[in-house]
Amino acid sequence: MTKTTRSNKPTIGVFRVCALAVSMGVFATATLYFAGAFNDDQVTAQAFVDLQQGSKVHAGFRRAHAKGICVSGNFESTGLLSAYSTANVFKLGNTPFIGRFSIAGNNPTAPDLKAPVRSLAFVVNTATDDEWRVAMNTPPVMAVATPDAFYKQLQALAPNPETGKRDAKKISAFFKAHPESKAFNEWKASYTPANSFATEQYNSINAFYLHDAQGKRQAVRWQAVPSMSDQEVAGLDQQSPDALQQQLISQLEKQPVRFDLMFTLADSNDDENNPTIPWPSSRQVINAGSLVIADWRFQNEGACGAQNFDPLVLPKGMSATADPILRARGAAYAQSFRRRATETLLNQHITDKEGAGDARN
């Protein structure tokens, strides 16, 4: 991918280093806690991130979803969620956000179209007391319900270091031993990747609580639903390793990209602490507002590069459920952030320049 108006060199500016330094200070206390176990599970944050990063460390990059692109715009709230939450972000009006589209995996030069999962992360009211961080993925549910089981899932899916291929028998045995993965496997079997980051649907996967002015809480999940369809966007360059990034840039040069944030309200029959179970389509759904994406930057030049999209950073009027997977996500994000921030501050540079020249941290 080439772009004449922006540098293609993976340099790290003074602003970015300073931002990472400040962020490291903010997360120092959290990192000390997250260095330990995922709650009562056996696997630790260090072990989990070690598994994600693999045998080859891509210095300065995220250990998961290493390849991405920064975006920014406004969250245009409908005000409809203000009856359920006192969070300022849900009041009628517009709030700026910064975000990031990414693909799964630890390789910052991986081909966009080979990744099994795509993600959308964003932060609203950044660096304020009302900061809301969101990390969403294309699957609507998790395959398993505990960090220990998720760790074993990643072990089963990991390629053999000698052959570079996955062991089909090992994968089959894992899912056979985990019948709770039924909904995830059904989604996987029916999922067809969209032709654009802009036309995927992204899911919170985990549930959260909204708190109203009277202190009543409501469990919710949400989806980012695209306003455009595959038929409305330009085709993908199937030969380019940066196909999704190229397509998104081309789309944003024509017009903004919009997603509606649709919140599903749980009822008493739903278990908000189990991310493997989908909620019935009959549940009440509220349109909280639209994410309107107007601009993009390469990820080493944009504000998203220094951002930790920890889903446990919530504004007043929201809180985390007891879902152990959700708690573990925060721990893993912190551990991954600490590693790449340290590498960046020590001026360790990426050596992977082939394959995806504009895919940067």
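Residues numbered from 1 in each chain as written. Predicted model: local features only at pLDDT ≥ 70, side-chain atom pairs only at ≥ 80, totals over all residues. Heavy atoms only, no water.

### Notes on the packing of helix H4 (residues 147–157) against helix H5 (residues 168–177)
Line of reasoning, step 1. Two elements in contact, H4 and H5, have axes whose closest approach is 8 Å; the angle formed by their N-to-C orientations is 160 degrees. Classified by the angle their axes make, H4 and H5 are roughly antiparallel. For H4 against H5, the interelement crossing comes out left-handed. Where H4 approaches H5, its residues Ala149, Lys152, Gln153, Gln155, Ala156 and Leu157 are matched on the opposing element by Lys170, Ile171, Phe174 and Phe175.
Line of reasoning, step 2. Its residues assigned to classes, the contact of H4 with H5 comprises six nonpolar, two polar and two charged. (Axes fitted to C-alpha atoms, helices over the stretch in contact; angles between N-to-C directions. Helix = DSSP H or I, 4+ residues; strand = E, 2+ residues; numbered from the N terminus. Parallel < 35°, antiparallel > 145°, perpendicular 65-115°, else oblique. Left-handed = near helix turned anticlockwise from the far one by under 90°. Contact = heavy atoms within 4.5 Å. Nonpolar A, V, L, I, M, F, W, Y, C, P; charged D, E, K, R; others polar.)

### Quick look at the confidence of the model for the protein
Line of reasoning, step 1. Residues at a pLDDT of 70 or more form 78% of the protein, whose mean pLDDT is 82.
Line of reasoning, step 2. Scored below 50 in pLDDT, residues 1–40 makes 84 contacts in the model with residues more than four places away or belonging to other chains.
Line of reasoning, step 3. Here residues 349–361 scores under 50 on pLDDT; set against residues more than four positions off or in separate chains, the count is 49 contacts. (pLDDT = per-residue confidence, 0-100.)

### Topic: the state of the cysteines
Line of reasoning, step 1. Within this structure, the stated rule accounts for one disulfide.
Line of reasoning, step 2. With its sulfur 1.9 Å from that of its partner, Cys70 forms a disulfide with Cys304. What sets the handedness of the Cys70 and Cys304 disulfide is the S-S torsion sign, and at about -85 degrees it is left-handed. With a gap of 234 residues between them, Cys70 in strand E1 (residues 68–77) and Cys304 in the loop between strand E9 (285–298) and strand E10 (318–320) connect regions that are remote in the sequence. (Disulfide = S-S within 2.5 Å.)

### Overview of the pairing of strand E6 (residues 208–211)
Line of reasoning, step 1. Summarising the sheet, E6 and strand E7 (residues 217–226) pair through four bridges and their orientation is antiparallel. Note on E7: the bridge partner recorded for His211 is Arg217.
Line of reasoning, step 2. Counting the residues that bridge the hairpin from E6 to E7 gives five residues, and of these Gly215 lies at a positive phi of roughly 90 degrees. (Pairing = 2+ DSSP bridges.)

### A few points about the pairing of E1
Line of reasoning, step 1. Most of E1 sits out of view: seven of its 10 residues are buried.
Line of reasoning, step 2. Direction of pairing for E1 relative to strand E2 (residues 93–103): antiparallel, over a ladder of 10 bridges. Residue pairing in the sheet places Ser77 in a bridge with Gly93 of E2.
Line of reasoning, step 3. Pairing geometry for E1 and E9, over nine bridges, is antiparallel. (Buried < 20%, exposed > 50% of the residue type's maximum accessible area, 1.4 Å probe, protein only.)

### Structural notes on the nonpolar core
Soluble globular proteins tend to pack their nonpolar side chains together in the buried interior.
Line of reasoning, step 1. Counting 49 residues, the largest nonpolar core has Phe90, Phe101, Phe122, Trp132 and Phe263 as the members making the most contacts within it.
Line of reasoning, step 2. No other element matches E9, which puts six residues into this core.
Line of reasoning, step 3. In contact with Phe263, other than residues within four places in its own chain, are Leu81, Phe90, Trp132, Leu210, Val220, Arg221, Trp222, Gln284, Val285, Ile286 and Ala288.
Line of reasoning, step 4. Judged by nonpolar contacts, the second largest core, of 11 residues, contains Val141, Ala143, Ala156 and Leu157. (Core = buried A, V, L, I, M, F, W, Y, C linked by side-chain atoms within 4.5 Å.)

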